[in-house]
Amino acid sequence: SATVPSAPVASSRYRTWGFVNQTRVTTPSTSPLEPLTNSAAKEWCARAYNQALAEFTSPQADRLHGVGILNWWNPEQTKDAIAELKDLGFKTAMVPLQPGKHPDGELIGYQSKRMEPFWAAVEEANLPLCFHIGERPLNPIASPRGAGGIIVMNQMAGMRNAWATLTFGGVFDR
């Protein structure tokens with residue numbers, strides 16, 4: 001697969017605004033791909049991230065393992081995305097708890113029939129899959145009282161939905 005050209009976001013924080021404006025990012029996010037609605041831009045950013053992370057971790061590959069971003073929004077491309085991740089040396093990949101929408105605007109349900117090529121590729125590759133936690137808090141914290149516990153519970157709460165979706169949605173019964 002081709003190498004993604006140098007990412008404008010990698011060189012300077014101040015030069016990113018042109019890219020941000022071009023991709024119409026209007027809201028801040030803790031998941032770097034969440035606000036991107038353009039499938040090609042999302043693909044480009046994920047690949048640039050994966051390549052940069054692989055380059056960063058390669059000098060210490062025996063003890064430093066990055067977690068690549070796997071293409072979840074276009075399940076037909078998952079098999080090729082996994083092959084690229086493995087070529088870059090990744091041993092695992094992540095997907096968001098809140099997957100957003102497919103390129104055609106349909107909501108992504110990890111348990112949906114449309115995601116079958118995704119799960120088939122993950123299973124065939126024998127690649128451990130991680131879910132990115134903490135994408136956004138469930139409730140804003142209005143007071144410092146109990147903030148530590150509230151933050152921890154907010155971070156882990158999303159896993160209940162992911163577990164229920166995969167379990168009761170039949171993904172584990174494939």
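Residues numbered from 1 in each chain as written. Predicted model: local features only at pLDDT ≥ 70, side-chain atom pairs only at ≥ 80, totals over all residues. Heavy atoms only, no water.

## Overview of the overall build of the protein
Broken down by element type, the protein carries six helices and three strands. When the 174 residues of the protein are sorted by exposure, 37% land in the buried category. The long-range fraction of contacts in the protein, counting pairs at least 24 apart against all pairs at least 6 apart in sequence, stands at 64%. Here the protein has roughly 11,000 Å² of accessible surface; of this, 57% comes from carbon and sulfur atoms. (Helix = DSSP H or I, 4+ residues; strand = E, 2+ residues; numbered from the N terminus. Buried < 20%, exposed > 50% of the residue type's maximum accessible area, 1.4 Å probe, protein only. Contact = heavy atoms within 4.5 Å. Areas by Shrake-Rupley, 256 points an atom, 1.4 Å probe, with all protein chains shown as cover.)

## A look at the packing of aromatic side chains
Each pair of aromatic rings is reported with the distance of its centres and the angle of its planes. Taken as a whole and assessed by the stated rule, the structure comprises six aromatic pairs. Between the aromatic rings of Trp72 and Trp73, the centroid separation amounts to 4.8 Å while the plane-to-plane angle is 90 degrees, which identifies the pairing as edge-to-face. Note on Phe118 and Trp119: the rings are 4.8 Å apart at their centroids and 90 degrees apart in plane angle, and the pair reads as edge-to-face. When its relative accessible area of 0% is taken as the criterion, Phe118 is described as buried. Judged by its relative accessible area of 10%, Trp119 falls in the buried class. (Phe/Tyr/Trp six-rings, centres within 6.5 Å; stacked < 30°, edge-to-face > 60°.)

## Things to note about the pattern of salt bridges
Counted under the stated rule, the structure contains six salt bridges. Arg47 is paired through a salt bridge with Glu84; the nearest N and O atoms lie 3.0 Å apart. Pair noted here: Arg47 is in helix α3 (residues 39–57) and Glu84 is in helix α4 (residues 78–87), with a separation of 37 residues, a long-range link. Comparing Arg47 with Glu84, the two get one shared label, buried. Between Glu124 and Lys79 there is a salt bridge, with the nearest N and O atoms lying 3.4 Å from each other. With Glu124 in helix α5 (residues 116–125) and Lys79 in helix α4, this residue pair connects regions lying 45 residues apart in the sequence. On the basis of relative accessibility, which here comes to 56%, the residue Glu124 falls in the exposed class. (Salt bridge = Lys/Arg side-chain N within 4 Å of Asp/Glu carboxyl O.)

## A closer look at the side chain of Thr165
Take Thr165: it is sitting in helix α6 (residues 147–168). The exposure class of Thr165 is buried, given its relative accessible area of 19%. Sequence-distant contacts of Thr165, defined by excluding residues within four places in its chain, comprise Tyr110, Gln111 and Gly170.

## Some words on the confidence of the model for the protein
Caution is warranted with low-pLDDT regions, since their predicted coordinates should not be read in detail. Overall, the prediction assigns the protein a mean pLDDT of 79, with 74% of residues at 70 or greater. Taking the mean pLDDT of every element in the protein, the minimum, 42, falls on helix α1 (residues 8–11) and the maximum, 97, on α4. Note that residues 1–17 has pLDDT below 50 and, in this model, 18 contacts with residues that lie over four places away or in other chains. (pLDDT = per-residue confidence, 0-100.)

## Overview of α4
Taken residue by residue, α4 has Thr78, Ala81, Ile82, Glu84 and Leu85 as its buried positions. Looking straight down α4, one finds its buried side chains confined to an arc of 160 degrees; they lie on one side. In α4, the exposed positions that point more than 90 degrees away from the buried face belong to Asp80 and Asp87. Considering only its buried residues, α4 is in contact with α3, β1 (68–69), β2 (93–96) and α5. (Arc of directions from axis to C-beta.)

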